[in-house]
Amino acid sequence: MVENERLRQEMRRCEAELQELRAKPLGPCPGCEHSQESAQLRDKLSQLQLEMAESKGMLSELNLEVQQKTDRLAEVELRLKDCLAEKAQEEERLSRRLRDSHETIASLRAQSPPVKYVIKTVEVESPKTKQALSESQARNQHLQEQVAMQRQVLKEMEQQLQSSHQLTARLRAQIAMYESELERAHGQMLEEMQSLEEDKNRAIEEAFARAQVEMKAVHENLAGVRTNLLTLQPALRTLTNDYNGLKRQVRGFPLLLQEALRSVKAEIGQAIEEVNSNNQELLRKYRRELQLRKKCHNELVRLKGNIRVIARVRPVTKEDGEGPEATNAVTFDADDDSIIHLLHKGKPVSFELDKVFSPHASQQDVFQEVQALITSCIDGFNVCIFAYGQTGAGKTYTMEGTPENPGINQRALQLLFSEVQEKASDWEYTITVSAAEIYNEVLRDLLGKEPQEKLEIRLCPDGSGQLYVPGLTEFQVQSVDDINKVFEFGHTNRTTEFTNLNEHSSRSHALLIVTVRGVDCSTGLRTTGKLNLVDLAGSERVGKSGAEGSRLREAQHINKSLSALGDVIAALRSRQGHVPFRNSKLTYLLQDSLSGDSKTLMVVQVSPVEKNTSETLYSLKFAERVRSVELGPGLRRAELGSWSSQEHLEWEPACQMPQPSARAHSAPSSGTSSRPGSIRRKLQPSA
């Protein structure tokens, strides 16, 4: 096929050459050496013509320059004439002034002796004569000053005259120099024009002579080409026959090619479908295995008693501003909802937690994740849920929410009431609520009559090792309306302030303590479970928040207590013998929730914007450290008989084996947050 194609191309070329020769029998043959030389000569002639055009352009430029210099010379001559005329006028004026000055000097000299004589003769005359003498002296002094001034003016005029002479000489020298330059340029221009004309004539003659020689050689070569064409005609006939045979063979080739392409496309499509089905099956198996692995991991974490950690990313708001600092720096894994990626200083950092909620997640989505943990409170377990993160990250919104879209606190109590009503036929439950806050390392009762009263954390005097807060008010709630009243009453006393980072920044750690006591009507088994909901105050940088005065003192106490919480987590993670719970009121109050017999969950709130990446990185690193802490399996608190009985029955939820008695938790560990200003409601504490 390649050889046939080459022969067809050669046949076409020969036919084209034959047609050109028939159309132009006297023209030069293509590809001839003489034709190339003739073309080179033509190019050279064109180049010479271009050079001649450039020389003409240069000549016109030189003429223009000569004309400009001539104009400048005429202008200089006019200026010189004007200067000479002005100089003559000035000389004439100075001469007149000089003559006047000489005449004045001569007249003054002529008048001087009589004045001196008068001065000498007046000395012995009367006072009138003395007065006339003084006037004459003054006049003489004035005349002398005028003479000095005239001499000075005369001297200046002479200097000006001398400078005018010098200027005239310089101008004449410049004129002579310009004239010489003009003559030299004119001569050079004439010489260049003459040389260019000679070169042009010489090149034209040489080109014409070479062209005649080349045309003669071309005519001779043309005769040889015609002879060669006569010998090529039999070969052309052979090529034509071969071409016709190839054409007949190629006519059936497209049908064979289309059939082959259809079969290949069908095979490729079938292979692609098989690969896609295999990929879908592998993806389905991978996701199923991922869910199974996560389920097994969560069960292992529950058995070990690890603190479960979930993260929630708040949306970007208008308070974050605009520009590069307000861009989103947080991304999520499409296949694994426990992975979060953070772009910090241009480097991606990944974290693995128990669950990650994107900014599109609703309050209900977050609550469903903690719902099972909250219901275990009814069965007699101690449960602690606390929100951690920088100020303005959305902790209070997650824990409390809004009246239209409540958070974990109110949804938890509603769930407890729903569960209690379902078990009302077999169990009798009592739910009590307490609320407190830690403000500037001072524990205060948010539901008491004196919210500013300081409270202390004590050990129970019965020797059980439990913690409790003497004087902390408890309200018994029986409906959702009671919950709303308690929340509103607590909101009134919660401490919030305005900062640069958050318009309603919580300035204290809020704790909501829900105690659920139940009695099995058939067996008399009594259970006591506590749900501690904690809204931690946000960590903040003083430089960003703009805190001053009392706000600065609040920020220092907040950061100190959060630092103490970090020390406790580090000690628990490394299994140290001493855990510094007493370094802060916050950690001391959370001791029961972090000491091993409570189910604990942390919600870490992070901001997605670029300007908060440093705080987000710190919060996620702290969350990973918290997630690795093993507290041990939670213990169920149940007893037979009356509430005061000391014979407790404890079961481990995973193994269902009896365990030694553990101390009960009485310390509150959670709270709510809101703005001050609500009207306090009159609520009666439960008996």
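The shown structure was predicted, so the numbers you read here are calculated from the model rather than taken from an experiment.

## What about the overall build of the chain?
Next, step 1: A tally of regular secondary structure across the chain gives 13 helices and 19 strands.
Next, step 2: Every one of the 687 residues in the chain was classed for burial, and the buried ones make up 38%.
Next, step 3: Intrachain contacts of the chain at a sequence separation of at least 6 include 75% that bridge at least 24 residues.
Next, step 4: Summed over its atoms, the accessible surface of the chain is roughly 40,600 Å², and 53% of this surface lies on carbon and sulfur atoms.

## Quick word on the nonpolar core
Next, step 1: Core analysis: the biggest nonpolar cluster contains 51 residues, and Leu443, Leu536, Leu594, Met602 and Val604 have the highest contact counts within it.
Next, step 2: It is helix α10 (residues 550-573) that contributes the most residues to this core, seven residues altogether.
Next, step 3: Once you skip the residues sitting within four places of it in the chain, Val604 turns out to touch Val309, Ile310, Ala311, Arg312, Leu353, Tyr388, Ser619 and Ala623.
Next, step 4: Ranked by size, the runner-up nonpolar core spans 42 residues in total, among them Met399, Ala435, Leu447 and Leu512.

## Here we look at the pattern of salt bridges
Next, step 1: Applying the stated criterion to the full structure yields twelve salt bridges.
Next, step 2: Across the pair Arg314 and Asp320 runs a salt bridge whose closest N-O atoms are separated by 3.0 Å.
Next, step 3: Owing to a relative accessible area of 12%, Arg314 belongs among the buried residues under this scheme.
Next, step 4: According to the relative accessible area criterion, Asp320 is buried, its value standing at 8%.
Next, step 5: Where Arg444 meets Glu437, a salt bridge forms, and the shortest distance between an N and an O atom there is 2.5 Å. Glu437 matches Arg444 in its accessibility class, with the two residues each being buried.

## Description of unusual backbone geometry
Next, step 1: Residues other than glycine seldom take positive phi values, yet Asn440 does so here, at roughly 55°.
Next, step 2: With a phi angle near 55°, Arg575 is a residue other than glycine that sits in the positive phi range.
Next, step 3: Summarising the element assignment, Arg575 is placed in the loop between α10 and α11 (585-589).
Next, step 4: Of the residues examined, Arg575 reaches a relative accessible area of 60% and is grouped as exposed.

## Brief notes about the sheet that holds strand β2 (residues 330-332)
Adjacent strands of a sheet pair through backbone hydrogen bonds, lying either parallel or antiparallel.
Next, step 1: Strand order across the open sheet formed by three strands is β2-β3-β4, with antiparallel pairing between neighbours. The two strands at the open ends of the sheet, each matched to only one other strand, are β2 and β4 (347-352). Pairwise comparison of adjacent strand axes, ignoring direction, gives a mean angle of 25° for this sheet.

## A short note on the UniProt feature "binding site: ATP" (unreviewed entry) in the chain
Next, step 1: The UniProt record marks Gly389, Gln390, Thr391, Gly392, Ala393, Gly394, Lys395 and Thr396 with the feature "binding site: ATP" (unreviewed entry), using the residue numbering of this structure.
Next, step 2: Position of Thr391 among the secondary structure elements: in the loop between β6 (382-389) and α6 (395-399).
Next, step 3: A residue is classified by how much of its surface remains accessible, and Thr391, at 5% relative accessible area, is buried.
Next, step 4: Mapped onto the fold, Ala393 is located in the loop between β6 and α6.
Next, step 5: Residue contacts for Ala393: discarding those within four places in its chain leaves Arg314, Gln605, Val606 and Ser607.

## Description of the environment of Arg287
Next, step 1: Of note, Arg287 is situated in helix α4 (residues 253-304).
Next, step 2: For Arg287 and Asp335, which are 48 residues apart along the polypeptide, the C-alpha to C-alpha distance reads 7.7 Å.

## A few points about the packing of helix α7 (residues 408-422) against helix α8 (residues 480-493)
Next, step 1: Where α7 contacts α8, the two axes come as close as 10 Å, and the packing angle between them is 155°. Comparing their axes, α8 and α7 come out roughly antiparallel. As α7 runs across α8, the sense of the crossing is right-handed. Facing Asn409, Gln410, Leu413, Gln414 and Phe417 of α7, the residues of α8 in contact are Val480, Ile483, Asn484 and Phe487.
Next, step 2: Grouping the amino acids of the contact of α7 with α8 by side-chain chemistry returns five nonpolar, four polar and no charged.

## Details of α8
An α-helix turns once every 3.6 residues. As a result, residues three or four positions apart point the same way.
Next, step 1: Taking 1.5 Å as the rise per residue, α8 with 14 residues should run 20 Å; its terminal C-alpha atoms sit 21 Å apart, in good agreement.
Next, step 2: For α8, every residue scored as buried is listed here: Ile483, Val486, Phe487, Phe489, Gly490, His491, Thr492 and Asn493.
Next, step 3: The inward-facing, buried residues of α8 abut α7, β7 (427-439), β8 (442-445), β12 (475-477) and β15 (509-520).

## A short note on the packing of helix α1 (residues 2-23) against helix α3 (residues 127-251)
Next, step 1: Close contact between α1 and α3 brings their axes to 9 Å; oriented N to C, the two are set at 140°. In terms of orientation, α1 and α3 fall into the oblique class. Like other packed secondary-structure pairs, α1 and α3 cross with a definite hand, here left-handed. Between α1, through Asn4, Leu7, Arg8, Met11, Glu15, Leu18 and Leu21, and α3, the contact on the second element is made entirely by Leu222, Val225, Leu229, Leu236, Leu239, Thr240, Tyr243 and Leu246.
Next, step 2: Classifying every residue of the contact of α1 with α3 by side-chain character gives eleven nonpolar, two polar and two charged.

## A short note on the confidence of the model for the chain
Next, step 1: Summarising the model, the chain shows a mean pLDDT of 77, and 81% of its residues fall at 70 or more.
Next, step 2: Within the model, pLDDT remains below 50 along residues 115-124, and this stretch shows seven contacts once partners closer than five positions in the same chain are excluded.
Next, step 3: Counting contacts from residues 642-687, a segment whose pLDDT is below 50, to residues more than four positions away or on other chains yields 160 contacts.

## Digging into the environment of Ser563
Next, step 1: Relative to the helices and strands, Ser563 is located in helix α10.
Next, step 2: Given a relative accessible area of 39%, Ser563 falls into the partly exposed group.
Next, step 3: Considered as a pair, Ser563 and Ser584 are 21 residues apart in the sequence and their alpha carbons are 9.3 Å apart.

Cut-offs applied
Residues numbered from 1 in each chain as written. Predicted model: local features only at pLDDT ≥ 70, side-chain atom pairs only at ≥ 80, totals over all residues. Heavy atoms only, no water. Helix = DSSP H or I, 4+ residues; strand = E, 2+ residues; numbered from the N terminus. Buried < 20%, exposed > 50% of the residue type's maximum accessible area, 1.4 Å probe, protein only. Contact = heavy atoms within 4.5 Å. Areas by Shrake-Rupley, 256 points an atom, 1.4 Å probe, with all protein chains shown as cover. Core = buried A, V, L, I, M, F, W, Y, C linked by side-chain atoms within 4.5 Å. Salt bridge = Lys/Arg side-chain N within 4 Å of Asp/Glu carboxyl O. Pairing = 2+ DSSP bridges. Axes fitted to C-alpha atoms, helices over the stretch in contact; angles between N-to-C directions. UniProt positions renumbered as here; feature names shortened; annotations may be inferred. Parallel < 35°, antiparallel > 145°, perpendicular 65-115°, else oblique. Left-handed = near helix turned anticlockwise from the far one by under 90°. Nonpolar A, V, L, I, M, F, W, Y, C, P; charged D, E, K, R; others polar. Expected span 1.5 Å × (residues − 1). pLDDT = per-residue confidence, 0-100.

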